[in-house]
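Summary of structural features
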Amino acid sequence: MSETTAAQPSVRRTAAHDSAFLRACRHEPVPHTPVWFMRQAGRSLPEYHKVREGIPMLESCMRPELVKEITLQPVRRHKVDAAIFFSDIVVPLKAVGIDVEIKPGVGPVIADPIRTRADLQRLRPLEPEDVGYVTEAVGLLVDELGDTPLIGFAGAPFTLASYLIEGGPSKGHERTKAMMYGEPELWAELVDRLAVITAGFLKVQIEAGASAIQLFDSWVGSLAPDDYRRSVMAGSAKVFDAVAGYGVPRIHFGVGTGELLGLMGEAGADVVGVDWRVPLDVAAGRVGLGKALQGNLDPAVLFAPTSVVETKAREVLHAASALGTSGHIFNLGHGVSPSMDPDALTRLVAFVHEASAR
Ligand code: CP3
């Protein structure tokens, strides 16, 4: 099942099929604009700190009951329109045997970075048995969530490659780009292997019941369009292609991707995630017809008074009206930050629901 040509089941109608979130992804009429937040589960919530106490991040991703609880916390508290599976983009790398740790306040750190052809051998395809805990956790969640959709996710090849090559978080992605520009064949093989792993990880989540997926290419905004097209797009397209047969909406998101929005849609997404730098009406022109948009309130706005949050949220809804009456999923332009007031997020969900009620 690790190759993209494997036979796939036809579209399944989950209990969430008619939810506002999935309807908006499909451009169907919605009772209100659906809302969820990237990184809605996690450090902004006191109940998260409580259940995570003493458990390392990646270990917590391997405990299905804990994953279920953490995934449900923001759904209960904020009444968001979708849950996002609690995991991390480096979980599938760890599952195929890469020595990776998430250091608090730092991010993913790779003990032995991938830099040579010989290193590529360590990136074998991911098999469902490698992540039995994911299948179990998604199953538990789908039972509990009922008609609330569960979004599965994975990291895109470029963003994963950056962590693997740099050995940890990086601002300039210099070593990554050095390989991309200087050793194009090695780079292409790395991207291809990561696409296979990522596709495998998404398939496991969809097979277990996730009703949409998001591909996070968080750091791809550091590339010029020509380089994206030449060196990165094929890998992300391979991932989207591998899960196309399931008929679940595929969301594609990155930060600082204003110049890449059209290409990110072309790579195979049904929904393009937009950061806060590009107004949604402008983004709609770049992405083109037929694709829904997700976004894009500046996360920092949440630190301003409620009246400002509401004015700025209204601006996002207004810009999204360029899409017509559907096809917009409200989100922040990037993730929730740990120091955000969770009550401000709860108020924002209620505001968007009310202000967009049809
Ligand atoms: O609520 C959700 O969105 C689901 C959970 C989720 C996590 N990571 C949990 C997590 C998701 C979708 C991710 C994706 C992820 N992980 C991305 C792409 C999204 C983005 O923000 O652009 C990236 C780049 C990573 C890598 C990563 N993992 C980073 C940069 C960090 C933060 C390190 C830090 O301490 O500042 C992590 C750790 C991580 N992943 C946490 C959570 C809740 C915090 C760790 C903790 O609670 O101890």
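Residues numbered from 1 in each chain as written. Predicted model: local features only at pLDDT ≥ 70, side-chain atom pairs only at ≥ 80, totals over all residues. Heavy atoms only, no water.

1. Overview of the site of the ligand
Here is the rule we go by: Any residue with a heavy atom positioned within 4 Å of a molecule or strand is treated as near that molecule or strand. Under the rule applied, a polar contact is a pair of N or O atoms within 3.5 Å (in protein, one hydrogen donor and one hydrogen acceptor; residues adjacent in sequence only if both atoms are side-chain atoms). Methods summary: accessible areas were calculated by the Shrake-Rupley approach with a probe of 1.4 Å, and residue burial reflects only the protein chains presented. Detection works on a 1 Å grid of protein atoms alone, calling trapped sets that fit a 1.4 Å probe cavities and calling open sets with protein on both sides within 12 Å along at least five of seven lines pockets, with lining residues defined by an atom within 4 Å of a point. Cavity and pocket membership follows a simple rule, namely that a molecule belongs there if more than half of its atoms are within 2 Å of the grid points. A run of H or I in DSSP counts as a helix once it spans at least four residues, and a run of E counts as a strand once it spans at least two, with each numbered from the N terminus. Three categories are distinguished: nonpolar for Ala, Val, Leu, Ile, Met, Phe, Trp, Tyr, Cys and Pro, charged for Asp, Glu, Lys and Arg, and polar for the others, with Gly belonging to the last.
Around the ligand lies a shell of 26 residues, among which Arg39, Tyr48, Gly105, Ser218 and His334 are the nearest. At 3.2 Å, a backbone N or O of Gln40 approaches an oxygen atom of the ligand. In the complex, the protein chains occlude 91% of the 880 Å² of accessible area that the ligand would expose alone. With respect to the detected pockets, the ligand is housed in the largest pocket. Secondary-structure elements contributing two or more residues to the shell around the ligand are helix H2 (46-52) and strand E3 (107-110). In terms of residue class, the shell around the ligand is built from 16 nonpolar, six polar and four charged.

2. Comments concerning helix H12 (residues 233-243)
Because the α-helix completes a turn every 3.6 residues, residues three or four places apart line up on one side. Put simply, the test is: For each residue, the accessible area found with a 1.4 Å probe, counting protein chains only, is set against the maximum for its type, and the residue is called buried under 20%, exposed over 50%, and partly exposed in between. The contact criterion used is simple: two residues touch if any of their non-hydrogen atoms lie within 4.5 Å.
Within H12, eight of the eleven residues are buried, leaving the element largely enclosed by the surrounding structure. Every buried residue of H12 is accounted for by Met233, Gly235, Ser236, Lys238, Val239, Phe240, Ala242 and Val243. Buried residues along H12 sit against helix H8 (157-166), helix H10 (184-208), strand E5 (212-216), helix H11 (225-231), strand E6 (250-253) and helix H13 (261-266).

3. Focus on helix H16 (residues 342-355)
Defined as follows: Here, expected helix span is obtained from the residue count minus one, scaled by 1.5 Å.
Taking 1.5 Å as the rise per residue, H16 with 14 residues should run 20 Å; its terminal C-alpha atoms sit 20 Å apart, in good agreement. Buried within H16 we find Pro342, Ala344, Leu345, Leu348, Val349, Phe351, Val352 and His353. On its buried side, H16 packs onto H2, helix H4 (64-78), strand E8 (292-297), helix H15 (306-320) and strand E9 (328-332). Capping of H16 at its N-terminal end is provided by Asp341; its side-chain oxygen lies 2.9 Å from the backbone amide nitrogen of Asp343.

4. Details of the pairing of E3
Two faces make up the sheet, and in a regular strand the side chains alternate between them. Our working definition: At least two DSSP bridges between two strands are required for those strands to pair.
Both strand E2 (residues 100-103) and E3 contribute to a ladder of four bridges, which runs antiparallel. Residue pairing for E3: Ile102 is matched across the bridge by Pro108.

5. Description of the nonpolar core
To keep it simple, the criterion reads: What makes a nonpolar core is a set of buried Ala, Val, Leu, Ile, Met, Phe, Trp, Tyr and Cys residues whose side-chain atoms join them at distances within 4.5 Å.
Grouped together as the largest cluster of nonpolar side chains are 129 residues, with contacts concentrated most on Phe21, Leu123, Trp187, Leu190 and Leu348. The greatest single-element share of this core, amounting to twelve residues, is contributed by H10. If we skip the residues at most four places from it in the chain, Leu123 touches Leu93, Ile98, Ile114, Leu164, Leu190, Arg193, Leu194 and Ile197.

6. Comments concerning the packing of H4 against helix H7 (residues 132-145)
In plain terms, the rule: Interaxial angle, 0 to 180 degrees, is taken between N-to-C directions of lines fitted to C-alpha atoms, where a helix line uses only the stretch in contact. For classification purposes, angles smaller than 35 degrees are called roughly parallel, those larger than 145 roughly antiparallel, those between 65 and 115 roughly perpendicular, and all remaining angles oblique. Left-handed describes a crossing whose near helix is turned anticlockwise from the far helix by less than a right angle; the clockwise case is right-handed.
The geometry of H4 relative to H7 is characterised by a closest axis approach of 8 Å and an angle of 40 degrees between their N-to-C directions. If you check the angle between H4 and H7, you find them oblique. As H4 runs across H7, the sense of the crossing is right-handed. Side by side, H4 and H7 meet where Pro64, Glu65, Val67, Lys68, Thr71, Leu72 and Val75 of the first sit next to Tyr133, Glu136, Ala137, Leu140, Leu141, Glu144 and Leu145 of the second.

7. Side note on the confidence of the model for the protein chain
Which entries qualify depends on this criterion: On a scale of 0 to 100, pLDDT captures the predictor's confidence in every residue.
Considering every residue of the protein chain, the mean pLDDT works out to 95; 97% of them sit at 70 or more. Predicted confidence is poor over residues 1-10, with pLDDT under 50, and the contacts of this stretch with residues over four places away or in other chains come to 23 contacts.

8. As for the packing of aromatic side chains
As a reminder of what qualifies: The criterion for an aromatic pair is that two Phe, Tyr or Trp rings (for Trp, the six-membered ring) have centres within 6.5 Å, with stacked assigned to planes under 30 degrees apart, edge-to-face to planes over 60 apart and tilted to the rest.
According to the stated counting rule, one finds four aromatic pairs in the structure shown. Ring centres of Phe216 and Phe253 lie 6.1 Å apart, and the angle between their planes is 80 degrees; on these two criteria the pair is classed as edge-to-face. Of the two residues, Phe216 is situated in strand E5 and Phe253 in strand E6; the sequence distance between them amounts to 37 residues. Note on accessibility: Phe216 and Phe253 belong to one class, buried. Three or more aromatic residues link up through ring pairs in this structure, and these residues are Phe153, Phe216 and Phe253.

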